[in-house]
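As a plain string of letters, each chain reads:
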Amino acid sequence: MSTENLPQSPDRSQRKPRVAVVFGGRSSEHGISMVTAGAVLRAIDRTKYDVLPIGITQSGRWVLTADEPERMAITERRTPNVEQLAESGEGGVVLPVDPANREVVYTEPGSVPKALGEIDVVFPVLHGPYGEDGTLQGLLELSGVPYVGAGVLASAVGQDKEYMKRVFTSFGLKVGPYVVIRPREWQQDESAARKKIIDLAGDHGWPLFVKPARAGSSIGITKVEDLSGLDDAIAEAQRHDPKILVEAALRGREIECGVLEFEDGPRASVPAEIPPPDAHAYYDFEAKYIDSTPGIVPAPLTPEETAEVQRLAVDAFDAASCEGLVRADFFLTEDGEFVINEINTMPGFTPISMYPQMWQASGIGYADLVDRLIEAALRRSTGLR
């Protein structure tokens, strides 16, 4: 690939702020990240910002990609991948690790590295490990580059469902019954590990939900109706994460609430309800992204219930030291109590995703939401804060 036509940027004082949209990644949510990136790229105000799309392949290579969001959509029930949009099969993008230098460099075998100019902020639309879990955020902290969303600690807490629940419990938020099976437990004594799960079912009944402890988008999750399906469910979860989480089923309504950071602090959106999908056992990957099961926005709650879930969503945001945005997911149980299931520090962000829909219903449209997140990131410094 010739480097003559690669994007450049003039002196910072003479140009618009430059946003690097980073997407793809090594996790099983690679394709969903690309769908999110396509929506963000379409929404960014090009009169206000310069944009540099950077994809991360499933092998971990950082590449320049075509700025063609229309190619980042789900087609024929298949998600896209970064390799399809990469400008070169061999070239790579390197971010700086010197906080005094925000210049991005493009390298290609046999060629002199080419400076692409500085970036002012990164919009990381990565989901799952190696992106949403604090790893990318740590790299950006080392680089001194501001970024959209949660910092290192909050990203790590938001990714690991075990420690997320431990943090919530320590702040007085109610979580449902669960057990964790770590890889060493499984390797040393499968029978004892399996017994922990069976005891959970004995105490709280079937079904159980077996899931990877550090994954999202409902990937790797199995609803287990009885003991006969347990081993297959464990194997499926372990394909995505050697640490697994098993939760007792909570009977009630699924309620979600968005949190957005404003200049005066976080605020909650109107909540939404996820009705049981007709063609799926639960709100799984296909129900979310392939069949696009619609949510109910705003959720049909009483004013008191709405105020309570909004308060709890902001409490969860603060408990995990989040920044930027969060989607908080709850169950409203049959006895009228809200139980928090999880938070997502970089939730699904297409226009039909629940987080943007909740803010649309709260008076903030998609493009405005993207702009507010970039502005919030530009206001923050990296480092301890």
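Residues numbered from 1 in each chain as written. Predicted model: local features only at pLDDT ≥ 70, side-chain atom pairs only at ≥ 80, totals over all residues. Heavy atoms only, no water.

(A) Layout of the overall build of the protein. Of regular secondary structure, the protein possesses 11 helices and 16 strands. The C-alpha atoms of the protein give 21 Å as radius of gyration, which agrees with the globular expectation for 385 residues (21 Å, within 12%). In terms of its C-alpha atoms, the protein occupies a principal-axis envelope of roughly 65 × 50 × 45 Å. Looking at the 385 residues of the protein, the share that counts as buried comes to 55%. (Helix = DSSP H or I, 4+ residues; strand = E, 2+ residues; numbered from the N terminus. Rg over C-alpha atoms; globule rule 2.2 N^0.38 Å. Buried < 20%, exposed > 50% of the residue type's maximum accessible area, 1.4 Å probe, protein only.)

(B) Representation of the pattern of salt bridges. Overall, the coordinates contain 32 salt bridges when judged by the stated rule. One salt bridge connects Arg-46 with Asp-67, and the closest N-O pair in it is separated by 2.7 Å. Separated by 21 residues along the polypeptide, Arg-46 in the loop between helix 1 (30–43) and strand 2 (50–56) and Asp-67 in the loop between strand 3 (62–64) and strand 4 (92–94) bring together distant segments of the chain. Among the residues examined, Arg-46 registers a relative accessible area of 34% and is labelled partly exposed. Asp-160 serves as the salt-bridge partner of Lys-243, at 2.9 Å between the closest nitrogen and oxygen. With a gap of 83 residues between them, Lys-243 in the loop between helix 7 (230–238) and strand 11 (244–248) and Asp-160 in the loop between helix 3 (152–159) and helix 4 (161–170) connect regions that are remote in the sequence. Take Lys-243: its relative accessible area is 6%, and that puts it in the buried class. Take Asp-160: its relative accessible area is 10%, and that puts it in the buried class. (Salt bridge = Lys/Arg side-chain N within 4 Å of Asp/Glu carboxyl O.)

(C) Layout of the side chain of Gln-159. Within the secondary structure, Gln-159 is located in helix 3. Residue classification places Gln-159 among the buried residues on the basis of a relative accessible area of 6%. Residue contacts for Gln-159: discarding those within four places in its chain leaves Gly-128, Pro-129, Glu-132, Asp-133, Ala-213, Arg-214 and Ala-215. (Contact = heavy atoms within 4.5 Å.)

(D) Examining the sheet that holds strand 8 (residues 178–181) more closely. Strand order across the open sheet formed by four strands is 8-11-9-10, with antiparallel pairing between neighbours. Looking along the sheet, the strands with just one partner apiece sit at the ends: strand 8 and strand 10 (222–224). For this sheet, the mean angle separating the axes of adjacent strands, direction not counted, is 20 degrees. For strand 9 (residues 208–212) and strand 10, the ladder comprises three bridges, and the chain directions are antiparallel. When the bridges of strand 10 are listed, Val-210 appears paired with Thr-222. The sheet contacts of helix 6 (residues 190–204) involve strand 8, strand 9 and strand 11, and relative to strand 8 the element is tilted by about 175 degrees. (Pairing = 2+ DSSP bridges. Axes fitted to C-alpha atoms, helices over the stretch in contact; angles between N-to-C directions.)

(E) Focus on helix 2 (residues 135–143). Residues of helix 2 that are buried include every one of Leu-136, Gln-137, Leu-140, Glu-141 and Ser-143, and no others. Down the axis of helix 2, the buried set is contained in an arc of 160 degrees. They therefore lie on one face. Buried residues belonging to helix 2 abut strand 3, strand 7 (121–124) and helix 3. Just past helix 2, the residue Gly-144 takes up positive phi, approximately 70 degrees. (Arc of directions from axis to C-beta.)

(F) Inspection of the pairing of strand 12 (residues 252–262) at higher detail. Pairing analysis gives nine bridges linking strand 12 to strand 15 (residues 325–333), with the strands arranged antiparallel. The residue of strand 15 that forms the bridge with Cys-257 is Ala-328. Where strand 12 lies against strand 14 (residues 272–274), three bridges are found, and the strand directions are antiparallel. Paired with Glu-256 across the two strands is Ala-272, which belongs to strand 14.

(G) Spatial organisation of empty space enclosed by the protein. Following the criterion strictly, the structure yields three cavities of 30 Å³ or more and no others. There is about 80 Å³ of room inside the largest cavity. Forming the boundary of the largest cavity are Glu-29, Glu-132, Gly-158, Gln-159, Lys-161, Met-164, Ala-215, Gly-216, Glu-342, Ile-343 and Asn-344. At the level of elements, helix 3, helix 4 and strand 16 (338–344) are the ones that each hand at least two residues to the lining of the largest cavity. Considering every element that reaches the lining of the largest cavity, the biggest residue donor is strand 16, with three residues. Looking at side-chain class alone, the lining of the largest cavity contains three nonpolar, four polar and four charged residues. Estimated volume of the second largest cavity: approximately 70 Å³. (1 Å grid on protein atoms, 1.4 Å probe; cavity = no way out; pocket = protein on both sides within 12 Å on 5 of 7 lines; lining within 4 Å. Points joined across faces, edges and corners; volume = space filled by probe spheres on them. Nonpolar A, V, L, I, M, F, W, Y, C, P; charged D, E, K, R; others polar.)

(H) Fine view of the sheet that holds strand 7. Spatial ordering of the open sheet is given by 3-2-1-7, a layout of four strands whose pairing is mixed. Two strands lie at the open edges of the sheet, namely strand 3 and strand 7, each paired on one side alone. Across the sheet, the mean angle from the axis of one strand to that of its neighbour is 30 degrees, orientation sign disregarded. Note that strand 1 (residues 18–24) and strand 2 share seven bridges and pair parallel. Within strand 2, the position partnered with Arg-18 by the bridge is Asp-50.

(I) Molecular detail of helix 3. Listed in full, the buried residues belonging to helix 3 are Ala-154, Ser-155, Val-157, Gly-158 and Gln-159. Looking at the buried side of helix 3, the elements it contacts are helix 2, helix 4 and strand 16.

(J) The arrangement of the nonpolar core in detail. Core analysis: the largest hydrophobic core is formed by 34 residues, its most contacted members being Val-21, Ile-44, Phe-123, Phe-349, Val-370 and Ile-374. Of all the secondary-structure elements, those providing two or more residues to this core are strand 1, helix 1, strand 7, strand 12, helix 10 (354–361) and helix 11 (366–379). In this structure, Ala-154, Ile-255, Val-259 and Cys-322 belong to the second largest nonpolar core, which totals 29 residues. (Core = buried A, V, L, I, M, F, W, Y, C linked by side-chain atoms within 4.5 Å.)

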